[in-house]
Amino acid sequence: MLRYLTAGESHGRGLTAIIDGIPVGLRLDLKFINDELKARQSGYGRGGRMRIEVDRADIRSGIKGGRTIGTPLTVWIGNRDSSLDELPAVVAPRPGHADLAGALKFGFLDARPVLERASARETAARVALGAVAQLFLGEFGVKVSSWVVGLGSVRARLLPPAETRRNVARSSLFCPDPAAEKKMIRLIDRAREDGDTLGGIFQVVVSGLPAGLGGYSQPTDRLDSRLAAALVSVPAVKAVEVGDGWELSARFGSESHDEIVKTRAGIGRSTNRAGGIEGGLSNGEEIVLRAAMKPIPTLARPLRTVNLATGKAASASRERADVCALPAASVVGRAVVALEIADVFLRKFGGDTLAETRAAWKRYLKRIERFSSGAGSR
Ligand code: EPS
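Everything quoted here is computed from the prediction, not taken from an experiment.

A short note on the sheet that holds strand β3 (residues 58–61)
The strand order across the open sheet formed by 4 strands is β1-β2-β6-β3, and the pairing between neighbours is antiparallel. Only two strands of the sheet have a single neighbouring strand rather than two, namely β1 (3–7) and β3. Averaged over neighbouring strand pairs, the angle between their axes works out to 20° when direction is ignored. Across 6 bridges, the pairing between strand β2 (residues 14–20) and strand β6 (residues 73–78) is antiparallel. Counterpart to Thr16 in the pairing with β6 is Trp76.

And the structure:
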């Protein structure tokens, strides 16, 4: 239902994103879109480029009077640093980046074209589209949030939802635990001094999604498979966890599943270890996902590599880079999750206009409610 594509090099003229399938009538809150872009640019540990760029969405098609008109939306984000043609050749591929595999694939002796597109700058385009998806989902009470839960070896404490929201909004690392945040900042400073980099773990939570979205008929219908693929498509993400994923692998079944209990509204759950997804379907609980990001591959104190031109041992190429881009990745994470959720939502409820989508959604919510509260009285 929703299709999107992005284009643009890190130091080209800018980034283009096109999304098709958003129903007619969605008010595009440009401030929200630009706030998401700004959040992606921020976070302690970012490098010099983020002081150069001011990412702003220029919506070039698909709207009239600030609302969607059912045609493809085009978003343009200009690059201030568009020095692509002046930049030096990259002949010493960085371990961990796409440099070598890309050079081999295309036969490039200069990996510059590879890293220009493989760069995480592309994620600005997805954040803009993800913000559109979040605005769409917001019409139906679905909220997608994200924050940092671990950085390097430091882990954040689990806090109640209201405190988490408040602290994340104030944190320079989007971390809910102020004590952990202090340690994370110290770790980033140490990495910067050592010419090193860091990764970590971020969490994405989707609330307000009704049960029954996604599917189990085909592997690609499964909501968890789609969300995991979306998260692992974020540069540097190497692992994804749904609910208590890794921990569940070490427990007995009796300690792993979410028992079904009677609630005032009908049927509910006592826990949410599954992270809101069972059998590839949303089950009405919050969707909880975590993604692990490896450290940035561009090191000021570079690792060993081989020079593509001379074939001799060399030090990996050095580019201006971030020490840690984990807070930014958490913003990208909620964008890509929102895009997947918006698509499954539209697959379920359809609609050329927002009003049509809303009518189908309301009918379905009523049916679910009747089903759940009617248990025992049938
Ligand atoms: C990025 C822009 C890039 C990097 C970073 C992400 O800017 P530049 O290369 O000009 O300093 O800061 O890119 C990478 C992490 C990467 O691996 O290429 C951005 O806009 O997010």
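A closer look at unusual backbone geometry
Phi is positive for Phe174, close to 55°, though the residue is something other than glycine. Mapped onto the elements of the fold, Phe174 is located in the loop between α6 (161–170) and α7 (178–193). Overall, the relative accessible area of 15% leaves Phe174 in the buried class. The phi dihedral of Ala236 is positive, around 80°, even though this residue is not glycine. Examined against the element boundaries, Ala236 turns out to sit in the loop between α8 (223–232) and β10 (237–242).

Describing the site of the ligand
Every residue close to the ligand is listed here: His11, Arg40, Arg46, Arg49, Met50, His97, Ser119, Ala120, Arg121, Ile296, Arg320 and Asp322. Contact distances for the ligand include 2.7 Å between an oxygen atom and a side-chain N or O atom of Arg320. Expressed as a share of its isolated accessible area of 470 Å², the protein-covered part of the ligand is 92%. Of the residues contributing to the shell around the ligand, the split by class is 3 nonpolar, 3 polar and 6 charged.

Digging into the side chain of Gln41
When you line up the elements, Gln41 lands in helix α1 (residues 30–41). Assessed through its relative accessible area of 11%, Gln41 is described here as buried. Setting aside its immediate chain neighbours within four residues, Gln41 contacts Arg46, Met50, Glu53, Val54 and Asp55.

Calculation criteria
- Residues numbered from 1 in each chain as written.
- Predicted model: local features only at pLDDT ≥ 70, side-chain atom pairs only at ≥ 80, totals over all residues.
- Heavy atoms only, no water.
- Pairing = 2+ DSSP bridges.
- Helix = DSSP H or I, 4+ residues; strand = E, 2+ residues; numbered from the N terminus.
- Axes fitted to C-alpha atoms, helices over the stretch in contact; angles between N-to-C directions.
- Buried < 20%, exposed > 50% of the residue type's maximum accessible area, 1.4 Å probe, protein only.
- Near = heavy atom within 4 Å.
- Polar contact = N/O pair within 3.5 Å; in protein donor to acceptor, adjacent residues only side chain to side chain.
- Areas by Shrake-Rupley, 256 points an atom, 1.4 Å probe, with all protein chains shown as cover.
- Nonpolar A, V, L, I, M, F, W, Y, C, P; charged D, E, K, R; others polar.
- Contact = heavy atoms within 4.5 Å.

Treat this as a map of the structure, not an account of what it does.
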